[in-house]
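Listed here are the chains, written in short residue letters.
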Amino acid sequence: MDTTWLEVTVDTTEPQLDDLCAKLTMNGATGLAIEDENDFKTFLEQNRQYWDYVDDELLERMKGAARVKFYVTDDADGMAQLQKWMAGIDLPYTTTPLREHDWATSWQKYYKPLTVGERLYVVPDWERGEPVPDGRTALYLNPGLTFGTGNHASTRLCLEWTEASVKKGGSVLDLGCGSGILSIAALLLGASSAIGVDIDPKAVDVAYENAALNGIGRDRYTVLAGDILSDAPLKARLAEGKYDLVLANIVADVIIPLSAHVEELLAPGGIFLCSGIIDTRCEEVRAAFEKHGLTVFGRKERDGWVAYAARF
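The rules behind each value
- Residues numbered from 1 in each chain as written.
- Predicted model: local features only at pLDDT ≥ 70, side-chain atom pairs only at ≥ 80, totals over all residues.
- Heavy atoms only, no water.
- Core = buried A, V, L, I, M, F, W, Y, C linked by side-chain atoms within 4.5 Å.
- Buried < 20%, exposed > 50% of the residue type's maximum accessible area, 1.4 Å probe, protein only.
- Helix = DSSP H or I, 4+ residues; strand = E, 2+ residues; numbered from the N terminus.
- Arc of directions from axis to C-beta.
- Contact = heavy atoms within 4.5 Å.
- Polar contact = N/O pair within 3.5 Å; in protein donor to acceptor, adjacent residues only side chain to side chain.
- UniProt positions renumbered as here; feature names shortened; annotations may be inferred.
- Pairing = 2+ DSSP bridges.
- Axes fitted to C-alpha atoms, helices over the stretch in contact; angles between N-to-C directions.
- Salt bridge = Lys/Arg side-chain N within 4 Å of Asp/Glu carboxyl O.
- Expected span 1.5 Å × (residues − 1).

**Q** A description of the nonpolar core should follow, citing residues and the corresponding values.
**A** Formed by 39 residues in total, the largest nonpolar core has its most connected members in Leu-159 and Tyr-221. Here this core gets 6 residues from one element, more than from any other, and that element is helix H7 (residues 181-188).

Following this line, the structure appears as structure tokens:
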């Protein structure tokens, strides 16, 4: 039987849009899709053959309107996830049931090829076969039903740092790997091996699938489920290796305690790249780094999100 999903639509306004997206992301929400007045105008233009005129009242009502969509499973787990993601957000929202096939079709219109940094070209797998720009490395991705695609500012920042920092033949540890986009990018850009870790067990299959789409097998890529902050055996297993690049595109509340463990994971001269830090908390994160001996040598910012590059 196909999984039934809920498409959740949160209504807001353009001035509130960035704050809403920041809150949802801080609460752990993924796969956000944004619609605004421009999308409505595009819809009108593309379907103008179906009407003679559009009500002025409707046009006025859509002026400055915006909404954010995301997806959860239509079951108890999905309801718990929805409550967590909407915590502290006092805005109206609606839910619409979708079959798994409908969900995929709905998502595809928001997900197009993405140029990142100097070399990367992130491509949805359903557009495989389309030309790749000269000098670009294609990263084919099927983000699954809840994981990231590279469109979010924090992920793009981390991809840019990864491209600039990956060591040819080096090893990579991707904490909070989700779809696997960062560690797979590192492998495509020259790393010899990578380990991805995520607290959501569903990420394991999604990341392995995305690796396979790019010709990367389990001889080079390992994905594990667990929380390095609370799972001592997992942490011990990871600490058996030392990594040239440790990635963490998570949130400040996880990066801060994680900074106490980075020294056990980094190889000599290795680099710790982290993103997902909302700009109002970047100094708090930097202070935690300094406390644990990490020196920030690079900072990137986009759309209110900050990424750091640090080393010992």
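**Q** Talk me through helix H9 (residues 232-239); I want residue IDs and the actual numbers.
**A** Along H9, the positions that sit buried rather than exposed are Leu-234, Lys-235 and Leu-238. Viewed end-on, H9 has its buried residues packed into an arc of 100°, placing them on one side of the element. Counted as exposed and oriented over 90 degrees from the buried face of H9: Ala-232 and Pro-233. Tucked inside the fold, the buried residues of H9 contact strand E8 (171-175), strand E9 (193-198), strand E10 (221-225) and strand E11 (243-249). The opening residue of H9, the one whose side-chain oxygen lies 3.1 Å from the backbone nitrogen of Leu-234, is Asp-231.

**Q** Tell me about the UniProt feature "binding site: S-adenosyl-L-methionine" (unreviewed entry) in the chain, and please be specific about residues and values.
**A** The sites that carry the UniProt feature "binding site: S-adenosyl-L-methionine" (unreviewed entry) are, in the present numbering, Thr-155, Gly-176, Asp-198 and Asn-249. Checked against the element boundaries, Gly-176 lands in the loop between E8 and H7. Once residues lying within four places of it in the same chain are set aside, the contact partners of Gly-176 are Val-197, Asp-198 and Asn-249. On the secondary structure map, Asn-249 appears in strand E11. For Asn-249, a relative accessible area of 17% puts it in the buried group.

**Q** Report on the sheet that holds strand E6 (residues 120-124), specifying residues and quantitative values.
**A** Spatial ordering of the open sheet is given by E5-E6-E7, a layout of 3 strands whose pairing is mixed. At either margin of the open sheet sits one strand with a lone partner, and together these are strand E5 (114-116) and strand E7 (137-141). Taken pair by pair, the neighbouring strands of this sheet meet at an average axis angle of 25°, ignoring direction. In this structure, E6 lies alongside E7, joined through 5 bridges in parallel fashion. Each residue of the ladder has a partner; that of Val-123, found in E7, is Tyr-140. Of the strands in this sheet, E6 and E7 touch H7, which is tilted by about 150° from E7.

**Q** Kindly report on the pattern of salt bridges, identifying the contributing residues and their values.
**A** Applying the stated criterion across every chain, the model contains 10 salt bridges. Put simply, Glu-7 and Lys-69 hold a salt bridge, and the shortest N to O gap is 3.7 Å. Separated by 62 residues along the polypeptide, Glu-7 in strand E1 (residues 4-13) and Lys-69 in strand E3 (residues 65-73) bring together distant segments of the chain. The burial state of Glu-7 is the same as that of Lys-69; both residues are buried.

**Q** Run through helix H1 (residues 14-26), naming residues and quoting values.
**A** Over its 13 residues, H1 extends 19 Å from the first C-alpha to the last, a length consistent with the 18 Å expected when each residue adds 1.5 Å. Those residues of H1 not exposed but buried are Leu-17, Leu-20, Cys-21, Ala-22, Leu-24 and Thr-25. Tucked inside the fold, the buried residues of H1 contact E1, strand E2 (33-36), E3, helix H4 (76-85), strand E12 (266-278) and strand E14 (305-311). Where H1 ends, the next residue or the one after it, Gly-28, has phi of about 100°, a positive value.

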